[in-house]
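Now for the letters of each chain:
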Amino acid sequence: MAAAKKAVLGPLVGAVDQGTSSTRFLVFNSKTAELLSHHQVEIKQEFPKEGWVEQDPMEILQSVYECIEKTCEKLGQLNIDISNIKAIGVSNQRETTVVWDKLTGEPLYNALVWLDLRTQSTVETLSKRIPGNNNFVKSKTGLPLSTYFSAVKLRWLLDNVTKVQKAVKEDRALFGTIDSWLIWSLTGGANGGVHCTDVTNASRTMLFNIHSLEWDKDLCEFFDIPMKILPNVRSSSEIYGLMKAGALEGVPISGCLGDQSAALVGQMCFQDGQAKNTYGTGCFLLCNTGRKCVFSDHGLLTTVAYKLGRDKPVYYALEGSVAIAGAVIRWLRDNLGIIKTSEEIEKLAKEVGTSYGCYFVPAFSGLYAPYWEPSARGIICGLTQFTNKCHVAFAALEAVCFQTREILDAMNRDCGIPLSHLQVDGGMTNNKILMQLQADILYIPVVKPSMPETTALGAAMAAGAAEGVGVWSLEPEDLSAVTMERFEPQINAEESEIRYSTWKKAVMKSMGWVTTQSAESGDPSIFCSLPLGFFIVSSMVMLIGARYISGTL
């Protein structure tokens, strides 16, 4: 019997989407932007001490290989010829820091995840060295001095890990964010791997001058980082190297964007003033400010949005970063066990349709924008004997929306022109309760594309448009029209404001829980350093009775 004929399609482009919670590989038709197939693998997070968050770089790399192989198998089952895949883009969790041995290809320590808080004392020490009237770090990088960014994580590794110190001394160490680690490994690793990053990821390290688009000698001296371990900085759309193994061996890797920049591209926010919000592990609202840097007076970051080609101009964005969004759902699943799957949260919230006065501030890693308050910890407040797990679930979804409202307010003040609607994407946008809540709390429409995988799409667009590939046109007239789902506010403005002001009161109560000593010691005897105040949850269980938490009453 003759083999089934392979379906003939236009050129295809693959995208690695390596996030905090999972890795995915997705394949798109470059002419229609249609998603043809994908595969996803969940990634473990390790918490060796309170406030520490790590991942295994080898597990991340193996998950990429697995996702590529499985997706290629699925395409084969659909009679789609994988030789049509002409390029691969990479999108990644940003700020997460890896140091590895360039001779063996082995990581020298676990990856320090962007959420990690162990560097708080480092941040405080460095802060004292910045003159009050001349914050040269922020003026060069657009970033506040925070545990969030890579430079302080790298400083911690250089100070505390003997293997890293030895490798640097012997000129064997390479540093990179996840994009650099993956591109180096996929293009050959110890056998000629390409050590590079793109401008969007470089702009999240606190070592990169966003005006000159180069590693900054003064910043490297300030953080005492040896420049020889840094990757070469490239544009977001050019051929970096070829895949050296697996089903797609020989295919160029030609797109690289930090996940939030990739989503901005995937949402086609190419005009000054266009904005998107991505709901993943964290929540990230980016507004394109065009070819000019706009510095925030209200707690937002200035960052590189994209540079889509070596000879193309750089575009900038204002960004509001929320540490905990989807992570709060995972926490309810893994730590409290009140849901078995992340999807169940929508069902629980729908049962009650209200938090019944319960407010949840999930400041597991302190508060990011607009507060930048590392001493904050999570709280659940407004509890009564009536409160049950459904109300807590609803409050968790509301928390994501309230945090977005805080960022949107800051962005409106910085930009001067309020957004008329919010474009959204990311895995959590499949939750219709969340989307309606977001429209109600913002009191503007929320607009969601029918295909929410815009992060991967952005990486694919950058890869397909690269010089030497040229299978994806980024000209406005050639970009595929996207069908949208629209959520309109359904409550009155007064009710929206009352709920928001109560949330702000809860946020104030979450601050000042942790001292530097307790944050870094990981000592479980210090009650205030436990994430989300474990004792608060314990007290809640005792107060309202196990039957309420289990939902049996």
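Since this is a predicted model, take the numbers as computed values, not measurements.

A. Representation of the confidence of the model for the chain. When pLDDT is averaged across the chain, the result is 86; 90% of the residues are at 70 or more. Below a pLDDT of 50 lies the segment residues 517-553, which in the model reaches 68 contacts outside its immediate sequence neighbourhood of four places, other chains included.

B. Just the UniProt feature "domain: Carbohydrate kinase FGGY C-terminal" (unreviewed entry) in the chain, in detail. UniProt's feature table lists "domain: Carbohydrate kinase FGGY C-terminal" (unreviewed entry) at residues 276-466, given in the numbering used throughout. The span residues 276-466 carries 36% helix and 21% strand; its end-to-end C-alpha distance comes to 24 Å.

C. Summary view of the environment of Val-13. Structurally, Val-13 can be placed in strand β1 (residues 12-18). Put simply, Val-13 and Asn-84 are 71 residues apart on the chain and 8.2 Å apart in space, counted from C-alpha to C-alpha. Residues contacting Val-13, with those up to four places away along its chain left out, are Leu-26, Val-27, Phe-28, Ser-30, Ala-87, Ala-460, Ala-463, Gly-464, Val-471 and Trp-472.

D. Main features of the packing of helix α4 (residues 150-160) against helix α5 (residues 162-169). Between α4 and α5, the shortest axis-to-axis distance is 5 Å and the interhelical angle comes to 90°. As summarised for this structure, α4 and α5 are arranged roughly perpendicular, according to the angle between their axes. Between α4 and α5, the residues in contact are Leu-157, Leu-158, Asp-159 and Asn-160 and Thr-162, Val-164, Gln-165 and Val-168, respectively. Among the residues forming the contact of α4 with α5, the class breakdown is 4 nonpolar, 3 polar and 1 charged.

E. Focus on the sheet that holds strand β13 (residues 237-242). Strand order in the open sheet made by the 6 strands is β3-β2-β1-β5-β14-β13, with mixed pairing throughout. What marks the edges here is a single partner per strand, and that holds for β3 (35-42) and β13. Between one strand axis and the next, the sheet turns through 25° on average, direction left out of account. As paired elements, β1 and strand β5 (residues 85-92) share 7 bridges and run parallel to each other. Among the inter-strand pairings, Gln-18 is bridged to a residue of β5, identified as Asn-92. In the packing of helix α1 (residues 57-77) onto the sheet, contacts are made with β1, β2 (22-29), β3 and β5, and the angle to β3 comes to roughly 145°.

F. Molecular detail of the sheet that holds strand β17 (residues 301-306). The strand order β17-β18-β16-β15-β21-β22-β23 describes an open sheet built from 7 strands, whose pairing is mixed. Two strands in the sheet have a free side with no partner beyond their single neighbour: β17 and β23 (484-487). With strand direction ignored, the average angle separating the axes of adjacent strands in the sheet is 30°. Pairing between strand β16 (residues 283-290) and strand β18 (residues 315-322): 7 bridges, direction antiparallel.

G. Region of the structure containing the pairing of β1. Where burial is concerned, most of β1 is hidden: 7 out of the 7 residues are buried. Here β1 shows two buried faces, one formed by Leu-12, Gly-14, Val-16 and Gln-18 and the other by Val-13, Ala-15 and Asp-17. Across 7 bridges, β1 lies against β2 in antiparallel orientation. Paired with Val-16 across the two strands is Phe-25, which belongs to β2. Linking β1 back to β2 in an antiparallel pair, the connection comprises 3 residues.

H. Geometry of the environment of Met-461. For Met-461, the location among the structural elements is in helix α14 (residues 454-464). Assessed through its relative accessible area of 0%, Met-461 is described here as buried. C-alpha separation for the pair Met-461 and Glu-343, spaced 118 residues apart in sequence, amounts to 29 Å. Beyond its immediate sequence surroundings of up to four residues, Met-461 is in contact with Val-265, Gly-266, Met-268, Phe-270, Trp-472, Leu-474 and Leu-479.

I. How the structure looks around the packing of helix α12 (residues 389-415) against helix α13 (residues 432-442). It is the contact of α12 with α13, at a shortest axis distance of 9 Å, that shows an interaxial angle of 40°. Regarding the angle of α12 to α13, the classification is oblique. Crossing of α12 against α13: the hand is right-handed. Across the interface between the two elements, Phe-394, Leu-397, Glu-398, Val-400, Cys-401, Phe-402, Thr-404, Arg-405 and Leu-408 of α12 pack against Ile-433, Leu-434, Leu-437, Gln-438, Ile-441 and Leu-442 of α13. By residue class, the composition of the contact of α12 with α13 is 11 nonpolar, 2 polar and 2 charged.

J. A look at the side chain of Ser-63. As for its position among the elements, Ser-63 is in helix α1. Of the residues examined, Ser-63 reaches a relative accessible area of 3% and is grouped as buried. Within the structure, Ser-63 has its side chain in polar contact with the side chain of Thr-23 (distance 2.8 Å). Excluding residues within four positions of it along the chain, Ser-63 makes contact with Thr-23, Val-41 and Ile-43.

K. Representation of the packing of aromatic side chains within the structure. Summed over all chains, the structure comprises 24 aromatic pairs. Here Phe-208 and Trp-215 contribute two aromatic rings whose centre-to-centre distance is 5.7 Å and whose plane-to-plane angle is 80°, an arrangement assigned as edge-to-face. Look at Phe-208 and you get buried, because its relative accessible area is 1%. Centre to centre, the rings of Trp-331 and Phe-360 are 6.1 Å apart; their planes meet at 70°, and the pair counts as edge-to-face. Of the two residues, Trp-331 sits in helix α10 (residues 326-336) while Phe-360 sits in strand β19 (residues 359-361), which places them 29 residues apart along the sequence. Side by side, Trp-331 and Phe-360 carry an identical accessibility label, which is buried. An aromatic cluster of at least three residues, connected via ring pairs, comprises Trp-114, Tyr-148, Phe-149, Phe-284, Tyr-368 and Trp-372. Across from the ring centre of Trp-52, 3.8 Å away, lies the NZ or CZ of Arg-118, which sits over that ring.

L. Representation of the pattern of salt bridges within the structure. This structure, assessed with the given rule, holds 34 salt bridges. Here Glu-319 makes a salt bridge to Arg-94, at a shortest N to O gap of 2.6 Å. Of the two residues, Glu-319 sits in strand β18 while Arg-94 sits in the loop between β5 and β6 (97-101), which places them 225 residues apart along the sequence. Since its relative accessible area comes to 0%, Glu-319 is described here as buried.

M. Layout of the pairing of β6. Counting buried residues along β6, 5 of its 5 residues qualify, which places the element largely inside the surrounding structure. Neither face of β6 is open: one carries Thr-97, Val-99 and Asp-101, the other Val-98 and Trp-100, and all of them are buried.

N. Spatial organisation of the nonpolar core. Core analysis: the biggest nonpolar cluster contains 146 residues, and Phe-28, Met-206, Phe-223, Tyr-279, Leu-332, Phe-360 and Leu-422 have the highest contact counts within it. With 15 residues, the top contributor of residues to this core is α12. Discounting chain neighbours no more than four positions away, the residues touching Leu-332 are Gly-337, Ile-338, Ile-339, Ile-345, Phe-360, Val-392, Ala-393 and Ala-396. Membership of the second largest hydrophobic core comes to 35 residues, among which are Ile-60, Ile-80, Trp-184 and Val-251.

Criteria and thresholds
- Residues numbered from 1 in each chain as written.
- Predicted model: local features only at pLDDT ≥ 70, side-chain atom pairs only at ≥ 80, totals over all residues.
- Heavy atoms only, no water.
- pLDDT = per-residue confidence, 0-100.
- Contact = heavy atoms within 4.5 Å.
- UniProt positions renumbered as here; feature names shortened; annotations may be inferred.
- Helix = DSSP H or I, 4+ residues; strand = E, 2+ residues; numbered from the N terminus.
- Axes fitted to C-alpha atoms, helices over the stretch in contact; angles between N-to-C directions.
- Parallel < 35°, antiparallel > 145°, perpendicular 65-115°, else oblique.
- Nonpolar A, V, L, I, M, F, W, Y, C, P; charged D, E, K, R; others polar.
- Pairing = 2+ DSSP bridges.
- Buried < 20%, exposed > 50% of the residue type's maximum accessible area, 1.4 Å probe, protein only.
- Left-handed = near helix turned anticlockwise from the far one by under 90°.
- Polar contact = N/O pair within 3.5 Å; in protein donor to acceptor, adjacent residues only side chain to side chain.
- Phe/Tyr/Trp six-rings, centres within 6.5 Å; stacked < 30°, edge-to-face > 60°.
- Lys NZ or Arg CZ within 6 Å of the ring centre and 35° of its normal.
- Salt bridge = Lys/Arg side-chain N within 4 Å of Asp/Glu carboxyl O.
- Core = buried A, V, L, I, M, F, W, Y, C linked by side-chain atoms within 4.5 Å.

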